[in-house]
Amino acid sequence: EVRLVESGGGLVQPGGSLRLSCAASGFPFSSYAMSWVRQAPGKGLEWVSTINSGPGRTIYADSVKGRFTISRDNAKNTLYLQMNSLKPEDTAVYYCANRYYIDDRTIRPDDYWGQGTQVTVSS
């Protein structure tokens, strides 16, 4: 079975940084595009970023572009999200997915994202 385990979240002050990890198993990780999505309190799912399975091309939501960096280590079956210059608006549960999302509307209701990791940005 596909297993995705997110970690690295926590409480951070505005302007701070966090590095999220997604440990993947149960599928050929290196052959799959991977995405990060998030869900803020009282909000729907929001697409954050995607990295493809080949040359590692990346795309980002406008809200995080220039602050977040998605990357992957195929030898470790691990996806990362480096988050810098964090804002209170980034507060959310962050999930990874073995999907190639390009916007919020491509997030499918039957997709699997694991349990997520909580990121709270507050002073």
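See the structure above.
Residues numbered from 1 in each chain as written. Predicted model: local features only at pLDDT ≥ 70, side-chain atom pairs only at ≥ 80, totals over all residues. Heavy atoms only, no water.

Engineer: Tell me about the sheet that holds strand E10 (residues 117-121), and please be specific about residues and values.
Structural biologist: What the six strands build is an open sheet, ordered E2-E10-E9-E4-E5-E6; its pairing is mixed. Edge strands, defined here as strands with exactly one partner in the open sheet, are strand E2 (10-12) and strand E6 (58-60). For this sheet the average axis-to-axis angle between neighbouring strands, irrespective of direction, equals 25 degrees. Bridge count between strand E4 (residues 34-39) and strand E5 (residues 45-51): six bridges; the pairing is antiparallel. Within the sheet, the bridge partner assigned to Met34 lies in E5 and is Ile51. (Pairing = 2+ DSSP bridges. Helix = DSSP H or I, 4+ residues; strand = E, 2+ residues; numbered from the N terminus. Axes fitted to C-alpha atoms, helices over the stretch in contact; angles between N-to-C directions.)

Engineer: Break down the nonpolar core for me, with residues and values.
Structural biologist: Within the largest apolar cluster, 34 residues are counted, with the highest numbers of intra-cluster contacts made by Met34, Trp36, Phe68, Leu79, Leu81, Met83 and Tyr94. Breaking this core down by element, the ones donating at least two residues are strand E3 (18-25), E4, E5, strand E7 (68-73), strand E8 (78-83), strand E9 (92-97) and E10. (Core = buried A, V, L, I, M, F, W, Y, C linked by side-chain atoms within 4.5 Å. Buried < 20%, exposed > 50% of the residue type's maximum accessible area, 1.4 Å probe, protein only.)

Engineer: How would you sum up the environment of Tyr100? Please name residues and give values.
Structural biologist: Residue position: Tyr100 is located in the loop between E9 and E10. It is 18 Å that separates the C-alpha atoms of Tyr100 and Glu6, two residues lying 94 residues apart in sequence. The contact partners of Tyr100, leaving out residues within four places of it in the chain, are Ala33, Ser35, Thr50, Asn52 and Ile59. (Contact = heavy atoms within 4.5 Å.)

Engineer: How would you sum up the pairing of E3? Please name residues and give values.
Structural biologist: Pairing of strand E1 (residues 3-7) with E3 involves five bridges; the strand directions are antiparallel. Each residue of the ladder has a partner; that of Glu6, found in E3, is Cys22. Pairing geometry for E3 and E8, over six bridges, is antiparallel. Along E8, the bridge assignment pairs Cys22 with Leu79.

Engineer: Residue-level account of the side chain of Arg67, with values.
Structural biologist: With respect to the element layout, Arg67 can be found in the loop between E6 and E7. With sequence-adjacent residues up to four places away left out, Arg67 is seen in contact with Gln82, Met83, Asn84, Ser85, Leu86, Lys87 and Asp90.

Engineer: Please provide a residue-by-residue account of the pattern of salt bridges, values included.
Structural biologist: Taken as a whole and assessed by the stated rule, the structure comprises five salt bridges. For the salt bridge of Glu46 with Arg38, the shortest nitrogen-to-oxygen distance reads 2.8 Å. For Glu46, a relative accessible area of 25% corresponds to the partly exposed category. Linking Asp111 and Arg99 is a salt bridge whose minimum nitrogen-to-oxygen distance equals 3.2 Å. Note that Asp111 is positioned in the loop between E9 and E10 and Arg99 in the loop between E9 and E10, a separation of twelve residues in sequence. Via salt bridges that share partners, Arg38, Glu46, Arg67 and Asp90 belong to a single interconnected network. (Salt bridge = Lys/Arg side-chain N within 4 Å of Asp/Glu carboxyl O.)

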